[in-house]
Amino acid sequence: AVRDRLILGLMLEAGMRPSEIVALKRLHVVREAARLTVGDRTLFLSHALWERLCTWSKPLRVSQRLFDLSVRQITNIVAGYGRRAGMARTVAPDMLRRTFAWRAFPAHLKTLEDLAAHLGISPRYAVRYLEDHTIGGDPAASEKDLAHAS
């Protein structure tokens, strides 16, 4: 359950993809700077998630992967917690990533609408898509729902 909550947290709080989580190694956890490096990105996590990550990674060798899982296994973990939380439809990792984006940038809906218009997508459709493809249409509730299931 600790591992699964950590994985769910990385997707919901940092917008990480399952492939990025699979590739994470102990060397990506920069303890002194309280940050996680993923490719060319630096991710800053909540204090609680950072503490869980450090505790999880502490016994590992520097070159060792944090999670001995495949992308498929992570997808199954996410779907399983979605079922346990009573979600009406299958929860997929990309839904957690969109939920992260929705929660991180709610004040930027105007920017999203402008970008959608620039790309030739109806701004109303873009906002509706995000609402429909985040968990329950209420991104703030998604972490609570999944955490309650674990």
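Residues numbered from 1 in each chain as written. Predicted model: local features only at pLDDT ≥ 70, side-chain atom pairs only at ≥ 80, totals over all residues. Heavy atoms only, no water.

Quick look at helix α1 (residues 2-14)
Reasoning step 1: Taking 1.5 Å per residue as the helical rise, α1 with its 13 residues ought to reach 18 Å, and the 17 Å between its terminal C-alpha atoms agrees with that figure.
Reasoning step 2: Those residues of α1 lying buried are Asp 4, Leu 6, Ile 7, Leu 8, Gly 9, Leu 10, Met 11, Leu 12, Glu 13 and Ala 14.
Reasoning step 3: Note on α1: the residue one or two positions beyond its end, Gly 15, has a positive phi of about 70°. (Helix = DSSP H or I, 4+ residues; strand = E, 2+ residues; numbered from the N terminus. Expected span 1.5 Å × (residues − 1). Buried < 20%, exposed > 50% of the residue type's maximum accessible area, 1.4 Å probe, protein only.)

Quick word on the packing of α1 against helix α3 (residues 47-57)
Reasoning step 1: At their nearest, the axes of α1 and α3 sit 10 Å apart, and the two run at 135° to each other. Classified by the angle their axes make, α1 and α3 are oblique. Here α1 and α3 pass one another in a crossing that is left-handed. Here α1 contributes Val 2, Arg 3, Arg 5, Leu 6, Gly 9, Leu 10 and Glu 13 to the contact with α3, which in turn contributes Leu 49, Arg 52, Leu 53 and Trp 56. (Axes fitted to C-alpha atoms, helices over the stretch in contact; angles between N-to-C directions. Parallel < 35°, antiparallel > 145°, perpendicular 65-115°, else oblique. Left-handed = near helix turned anticlockwise from the far one by under 90°. Contact = heavy atoms within 4.5 Å.)

Examining helix α4 (residues 71-84)
Reasoning step 1: Helix length check: α4 (14 residues) gives 20 Å between terminal C-alpha atoms against 20 Å at 1.5 Å per residue, within 8%.
Reasoning step 2: Of the positions making up α4, those classed as buried are Ile 74, Ile 77, Val 78, Ala 79, Gly 80, Tyr 81 and Gly 82.
Reasoning step 3: Gly 86 sits one or two positions beyond α4 and adopts a positive phi of about 80°.

Regarding the packing of α1 against α4
Reasoning step 1: Relative orientation of the contacting elements α1 and α4 amounts to 95°, with a least axis distance of 11 Å. Overall, the two elements α1 and α4 adopt an arrangement that is roughly perpendicular. Across the interface between the two elements, Arg 3, Asp 4, Ile 7, Leu 8 and Met 11 of α1 pack against Ile 74, Ile 77, Val 78 and Tyr 81 of α4.
Reasoning step 2: The residue inventory of the contact of α1 with α4, partitioned by class, reads seven nonpolar, no polar and two charged. (Nonpolar A, V, L, I, M, F, W, Y, C, P; charged D, E, K, R; others polar.)

Purely geometric stuff here, so don't read any function into it on its own.
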